[in-house]
Amino acid sequence: MDMPDVRPEVLARKEALVSRLQAVVPPDAVIHDPAETRVYECDALTAYTCPPMAVVLPTSTQEVSDVLRICSDMGVPVVPRGAGTSLAGGALPTADCVVIGVARMTEVLESDPGNRFIRVQAGRTNLAVSGAVEEDGFFYAPDPSSQLACAIAGNIAMNSGGAHCLKYGVTTNNLLGVTMVLMDGTVVELGGAHADAAGLDLLGLVCGSEGQLGVVTEACLRILPKPEGARPVLLAFDSSEVAGACVSDIIRAGVLPVAIEFMDRPCIRATEAFAGAGYPDCEALLIVEVEGSEAEIDEQLSRITAIAQRHDPVEMRESRSAEESARIWLGRKSAFGAVGQLGDYICLDGTIPVGELPHVLKRIGELGRDYGLSVANVFHAGDGNMHPLILFDANAGQLETAEALGADILRLCVEVGGCLTGEHGVGVEKRDLMGHQFTPADLEAQMAVKDVFDPGWLLNPAKVFPLDASASRRMAAE
Amino acid sequence: MKTLKPESEAELAEIVRTADEPLRIQGGGTRPIGVPVNGAPLSTTGLSGIELYEPGALTMVAKAGTPLAQVEAALAQAGQRLAFEPMDHRGLLGTVGEPTIGGVFAANVSGPRRIQGGGARDFLLGVRFVDGRGEVIRNGGRVMKNVTGYDLVKLMAGSYGTLGVLTELALKVMPATQATAVLLCEGLTDEEAVAALCRALGSPFEVTGAAHLQRGTGGGPVTMIRLEGSESSVAYRAGELQALLAHHGEFGVETDPARTAACWRDIRDVAPFHDRSGDVWRLSVKPTDAPGIVARIEGAEAIYDWGGGLIWLLVPQGRQADTIRQAVAGHGGHATLIRGSRAGGAFQPLAPPVAALQEGLRRRFDPRGLLNPGLMGQGAAS
Ligand SMILES: Cc1cc2nc3c(=O)[nH]c(=O)nc-3n(C[C@H](O)[C@H](O)[C@H](O)COP(=O)(O)OP(=O)(O)OC[C@H]3O[C@@H](n4cnc5c(N)ncnc54)[C@H](O)[C@@H]3O)c2cc1C
């Protein structure tokens, strides 16, 4: 994977930069010793690493603004960082950049269950947001599997989703406002505790912009009252096609589960060996979860099992207790860990129209055989968000083959009317595939947005857009 | 002036590319919101038709000029609907014509159900549009989850045609409800009503409408809470809510389908102000701030929706603009003049750096200032 050439003139000014940074944040907030900057050399896409020139860990919006002003003034690229769990290399540094990490900004600024919102500093972890309102009977809905570690800042930058977004939506549907610092140090407030924007929906534009438009320092988030209860049913089928058809039928019938998760045979086998959840040995299984009072749950589950019955399930297992629910979820929740036991893997997240599930699963199987690699599938079926896990052996030099297979699978997703990424973002990982989904004019319109927010193209400049597409802008800025 | 009415996206792009004067873009022309624009009328109604509808995937793709009624009829046939319940502006603004699906999203029009499921912008999955240089741009797609590149879909929703002319939209649709119940309580003050609505919205009972009228049909205040779902679930939740709200007031339950539908249609369309003279403002605020803001504005009558977060205000013509903008600005939120003389600007003034970003985007997407120029003009800063 290519990254832009390092600019020697920027590196040459490192000492001056560090001393200016130290003047605006506490001394221990500037990390510049190469032995320590190594900690920040990658995110969760660990195949690519590069230690930054320096790291700054501010504690306030004002400090972020001061730091950005200095970097802007000295022409130093900046890579914003939350918790570093990006799977797309979104937080991957360059050797001549300053990483601004918001990990020390974790305060709750205002909690207002009456008006159903919470305001936090952006470095607070996703789970700790829910934690702050739990006693009041509320929760923050978007729940990426990484929620114990990932920061709200990263969630906003990637517009992250979770298992429950079929009902509750993704980050952008639950984000009410941000405080954000532009590259030149200007602080802007977008949105707030009220609904909708006063002018253009800049908040909607910022969410999912992968740290390229500004550094988010505070967020106002919608919180929701916790449901009375929730229970899943496990449905096993002897073909992926049938499982896919069942998903459509459930949705079509007007039942709206909170989650519909899908696992195929390779994935079921791996999780059984690892976690032993006692799943049936079948070609495909669905876990469908519904919410409400006991009676409401019973009513919805009986509608769902009636629909499933028409598709000749191998087995249906309705949870009747908290323990049974936990058992049904156990295999799904350990799927990634289980597949990790088998070797190295790449996790893709292309999204497709739900109706294309059977076709795409079949093609993925065929492509895997062509490349001689196995692929396990586990994903959010209700919204077509695939998660093909490509297994490979890095020590046997299979990374490139696995990446090539991954690119083919993503192209397939686009061909059937879907997209390259449903929740992990483009980062560096899918940057060079953008031309498959977008025309030059489409990309030009997106880059025009960055021109407005960051005319010098200093914020996370080598991400999202194919390097050749963004080259003239990045050069012009030099 | 002759209305330009392209029959295809390519024709529209050609019109914009070769335009030498500003264009006044309209769908059905039923929502004259914002500063009136001088320009050659350009209608999107020639771009019409549902391109794709997959009920099992909850998605529809339609051309921008498709009549809203056609979209809603197709959805109803499959037991589905637009969850965000777009308002019909005709009664309030005295307009005629057929609302289009493009106009709904260009103005980001959402109704009472916004508090539960989200606004129009939350149900827009993808767009095609022609920008001010006549370039055709696509963004988003027709899948539920998509974070590929920047989200220009959100930017286009509520941009009133000032960044581009929408040509095609992909929407997320939702199942319609089986049953509806409305809890009604008379005689509450604004503060009491908003407190009760907040309590209801903070419960697990999935309220899909929460409104308060200072003057209901009987002349006195009426507070309304809507529940939707299966018959047994609605009945259960209505009982639970009545108990929960007992110390706020005595709520009765209405389940007649025609009456429940009518009372939310009236809230959605601000029906109580249709035949009354005066300016109408739309305020978006933090719910518990709402009664205090309304109390500051003399001679105003209010309808509260979204649990208090949306206020419709009727004030004597040409009056109170400064007080309203100041009251809102002091709390955080925004006010838009919907009915009244809007030449001086209809939208809330923005902070200078935000206004600069907005202006920068406009210059990029419409460098020649052709598309509804000035429509999103802000009122004088007060
Ligand atoms: C085991 C595992 C499971 C996962 N499961 C899910 C899942 O279910 N759903 C899902 O959507 N994702 C998932 N992810 C991906 C990842 O957790 C999300 O993308 C997450 O939102 C990243 O947050 P972060 O704080 O770690 O951000 P980082 O990795 O630090 O950064 C991510 C991006 O955000 C930008 N950024 C960070 N902070 C700021 C800021 N303050 N201002 C502006 N930009 C900023 C960065 O520049 C970068 O582009 C998973 C990852 C792992 C490792």
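Residues numbered from 1 in each chain as written. Chains lettered and ligands numbered in written order. Predicted model: local features only at pLDDT ≥ 70, side-chain atom pairs only at ≥ 80, totals over all residues. Heavy atoms only, no water.

Undergrad: Sorry, what's going on with the sheet that holds strand β10 (residues 215-222) of chain A here?
TA: Hydrogen bonds along the backbone pair up the strands of a sheet, which may run parallel or antiparallel. Residues and elements named next belong to chain A. The strand order β5-β6-β10-β8-β9 describes an open sheet built from five strands, whose pairing is antiparallel. This sheet does not close on itself; its edge strands, each paired only once, are β5 (108-112) and β9 (187-191). Averaged over all pairs of adjacent strands, the angle between strand axes in this sheet comes to 10°, irrespective of strand direction. (Pairing = 2+ DSSP bridges. Helix = DSSP H or I, 4+ residues; strand = E, 2+ residues; numbered from the N terminus. Axes fitted to C-alpha atoms, helices over the stretch in contact; angles between N-to-C directions.)

Undergrad: Got a minute to help me understand the pattern of salt bridges in this structure?
TA: Pairing between side chains becomes possible if they bear opposite charge and their charged atoms approach one another. For the coordinates displayed, the defined rule picks out 48 salt bridges over all chains. A salt bridge links A:Glu218 to A:Arg119, with the shortest nitrogen-to-oxygen separation between them at 3.3 Å. One end of the pair, A:Glu218, is in strand β10; the other, A:Arg119, is in strand β6 (residues 117-121), with 99 residues separating them in the sequence. Take A:Glu218: its relative accessible area is 16%, and that puts it in the buried class. In this structure A:Arg119 comes out as partly exposed when scored by relative accessible area, which is 28%. Here B:Arg90 ties to B:Asp88 by a salt bridge, and the two come within 2.8 Å at their closest N and O atoms. Within this structure, B:Arg81, B:Glu85, B:Arg113, B:Arg226 and B:Glu228 form a network of salt bridges that share partners. (Salt bridge = Lys/Arg side-chain N within 4 Å of Asp/Glu carboxyl O. Buried < 20%, exposed > 50% of the residue type's maximum accessible area, 1.4 Å probe, protein only.)

Undergrad: I'm lost on the site of the ligand in this one. Help?
TA: All names here are of chain A. The full set close to the ligand counts 32 residues, and Pro80, Gly82, Gly84, Thr85 and Ser146 are the nearest of them. Within the contact set of the ligand, an oxygen atom lies 2.7 Å away from a backbone nitrogen or oxygen of glycine 84. Here a nitrogen atom of the ligand and a side-chain polar atom of glutamate 423 are 3.3 Å apart. Contact with the protein chains removes 92% of the 980 Å² of surface that the ligand exposes when unbound. If you list the elements that add at least two residues to the shell around the ligand, you get β3 (78-81), α6 (152-158) and β10. Take the shell around the ligand: its biggest share by element is five residues, from α6. Considered class by class, the residues forming the shell around the ligand number 14 nonpolar, 15 polar and three charged. Lining the shell around the ligand are residues from two domains, each supplying at least three of them: domain 1 (8-101) and domain 2 (108-225). (Near = heavy atom within 4 Å. Polar contact = N/O pair within 3.5 Å; in protein donor to acceptor, adjacent residues only side chain to side chain. Areas by Shrake-Rupley, 256 points an atom, 1.4 Å probe, with all protein chains shown as cover. Nonpolar A, V, L, I, M, F, W, Y, C, P; charged D, E, K, R; others polar. Domains from an automatic or database assignment.)

Undergrad: Got a minute to help me understand the packing of helix α10 (residues 265-275) of chain A against helix α13 (residues 335-342) of chain A in this structure?
TA: Relative placement of two packed helices is described by the angle separating their axes and the distance separating the axes. Residues and elements named next belong to chain A. It is at 8 Å that the axes of α10 and α13 come closest, and there the two elements cross at 90°. The angle between α10 and α13 places the two elements in the roughly perpendicular class. Residues Cys267, Ala270, Thr271 and Phe274 of α10 lie in contact with α13, whose contacting residues are Ala335, Gly337, Ala338, Val339, Gln341 and Leu342. Partitioning the contact of α10 with α13 into residue classes produces seven nonpolar, three polar and no charged. (Parallel < 35°, antiparallel > 145°, perpendicular 65-115°, else oblique. Contact = heavy atoms within 4.5 Å.)

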